[in-house]
Every structure is written in C-alpha cells, then in structure tokens.
Amino acid sequence: MTNKLKYFVGNWKMFGDFRSISILNRLHNFCNKFSKQGKRYKVIFCVPNSLIYFFKKNFKSNFVYIGAQNCHHHYDSNGPFTGSESAGMIKKIGAEYIILGHSENRATGDTNKIIKNKIKNAMEHKLNIIFCIGENLRQKKSNKTYSVLKKQIKESVQKKFNPRNFLFAYEPVWSIGTGNVPKPIDLIKIFRFIRKELKKSFGSKKKFTVLYGGSVSDKNIGAFSSIQEIDGFLIGGASRSSKKFIDIMKKYYK
Ligand code: PGA
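Attention here is on the structure that accompanies the text.

The rules behind the values
Each chain has its residues counted from 1, running along the sequence as written. Whole-chain, interface and lining totals are the exception, using all residues; otherwise, since this is a predicted model, local features are given only for residues with pLDDT of at least 70 and side-chain atom pairs are given and counted only at 80 or more. With hydrogens and water set aside, each side-chain value is computed from the structure's full complement of heavy atoms. Note on conventions: DSSP H or I runs of at least 4 residues are helices, E runs of at least 2 residues are strands, and numbering of each starts at the N terminus. Categorising residues by exposure relies on relative accessible area from a 1.4 Å probe, with only protein chains included: less than 20% of the type maximum marks a residue as buried, more than 50% marks it as exposed, and the intermediate range marks it as partly exposed. Any pair of residues with heavy atoms lying within 4.5 Å of one another is described as a contacting pair. Positive charges come from Lys and Arg alone, negative charges from Asp and Glu alone, with His and the N- and C-terminal ends not counted. One atom stands in for each charge, and that atom is NZ of Lys, CZ of Arg, CG of Asp or CD of Glu. Definition used in this section: a nonpolar core is a set of buried Ala, Val, Leu, Ile, Met, Phe, Trp, Tyr and Cys residues joined via side-chain atoms within 4.5 Å. Salt bridges are identified by distance alone: a Lys or Arg side-chain nitrogen within 4 Å of an Asp or Glu carboxyl oxygen.

1. Topic: the overall build of the chain
Part 1 of the argument: Counting secondary structure elements, the chain contains ten helices and eight strands.
Part 2 of the argument: Expressed as lengths along the three principal axes of its C-alpha atoms, the size of the chain is roughly 45 × 40 × 35 Å.
Part 3 of the argument: Within the chain, the proportion of its 254 residues that are buried is 52%.
Part 4 of the argument: Within the chain, contacts between residues separated by at least 24 positions form 73% of all contacts whose residues are at least 6 apart in sequence.
Part 5 of the argument: Side chains of the chain give 48 positive and 16 negative charges; the mean places of these two sets differ by 5 Å.

2. Concerning the nonpolar core
Part 1 of the argument: Counting residues in hydrophobic clusters, the biggest one holds 65 residues, and the most contacted among them are Phe8, Val43, Phe233 and Met249.
Part 2 of the argument: In this structure, Val43 is in contact with Phe8, Leu27, Cys31, Phe63, Val64, Tyr65, Phe245 and Met249, ignoring residues within four places of it in sequence.

3. Let's talk about the pattern of salt bridges
Part 1 of the argument: Summed over all chains, the structure comprises twelve salt bridges.
Part 2 of the argument: Taking the shortest distance from any N to any O, the salt bridge between Glu197 and Lys150 comes out at 3.9 Å. Remark: Lys150 occurs in helix 7 (residues 145-156) and Glu197 occurs in helix 8 (residues 184-202); sequence separation between them is 47 residues.
Part 3 of the argument: Among the residues examined, Glu197 registers a relative accessible area of 4% and is labelled buried.
Part 4 of the argument: For Lys150, a relative accessible area of 33% corresponds to the partly exposed category.

Here it is in structure tokens:
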C-alpha cells in the first residue's frame, strides 16, 4: 500500500447540529489509533457554517480539520447580500478549508467566473480551497467530459494562484448521490487530463492534489485504492456516519 499522503474529505452538505460533534469525536479517536500504523492521511470535514465556530471551540484534534462548503463571491468581506457569508467571515469563525465550485452550487447559479471570484476571496483570507469540477450526464453522453473540465479549470484558475493552497476534486455530477461511479480506466485518463490542464492554467510544474468524489462508499472504496492517480476522496452521504467513514478509510488501506 502506498505511503503517499491521502485525503479523506467529508462534505456534510445541509446536515448536522451540535450533537453531530460525536461523529467528529469518533473520527478523532479512530485516527489517533490508525495513525500509529504509519498511514499518511489527512481528514477534513466540511460542515455547515452554523456549526463551524461551535466545533472549533469544542472539538480539538490534530487529525481532523474543519472546513466550510461555500461563500459569497463579493470582493469585500461585508456587503448587502442577505443570508450570505464571505470568505473573511468564514475564516474568522475557524474554518481552514472551503469547498468551491460544487455542482450543487453551480446548479443554483455559480458560473466559472463567480467561482473564480470566490477562489480569489478565499485565497486572500488564507483558506485552503477544495475546487470541484465535473461533467453532468448530458455532457458525458455527448462526449463533452474533457471540454467541460478544461473550461471549468481555465475560466476559474489564474496563473497568480498558488497551487499549494488547493485540493482539486473531480466530481462527475451524474455520480453524486446516485451510487454510480466511473470505470477505473476512465478515471485514470480523466485524472491525467486534469493534471495536464492544471499545469497549463497554473503555469506550474508543481504536483497537484486531485481527489475523486461521487458515491464513494465502504462498498466501492476497494476498487479505487489501486488507482494511484487518485490522491483522496470527497465523500458526501457516507460522511454523515462515523462508522461508514471509518470503514471507507479502513478498507482503502486493506
Ligand atoms: P456523495 O456526494 O458522496 O453523496 O455522492 C459527494 C459530494 O457531493 O461531494
């Protein structure tokens, strides 16, 4: 099994309350033991903004990091945007990571340009960005996967951005929450393509960390673990259960 650093990122979406801290506590206890076996991994939980400050105050862990799931794109930290939160506000309450470009936010109006502005703001406030890209079913069926990914990268990434502040997540929209996952052979090709496009857009030879997201579960994680191109996983549904999340980690390293 690889000794490369791997990422296991939970995306709670609209889930959780203060009691959900027990999920994080169980994860922490598991990681505490698991790390002693010499595995190199990082666990990040992206939770609703309503929980970030509470978790930062009440959950101390050197294994599990806390992130947010989105922010407003306005360049200033304050502004007339009812119900919105800026990257600056989110950083202040304790988040270290932020998901941007998730397809569920693209579906409600986030364009590549809006996402670029969000990335800029998040970088300014020293948040690490989990930047999601992925094609939908219609685009996949009409063989547009590669052109969609290329456009999403090109229109949201600028040369001046530092790739060190990023984790990239390939999340095919048709796979999210459906139980359907891409074939390993397709994933290998797509991951290589994404890295090539990232190199072009960042103008950098740096190594890029690219995760896979979409219906990852304890049932299918085994098939992913032999794909060296994948640096980790963005996990939605299964991250709401500490047991399922822990099983994913255990089975990945089996
Ligand atoms: P899923 O969600 O694991 O429930 O498919 C992944 C995501 O939306 O990030």
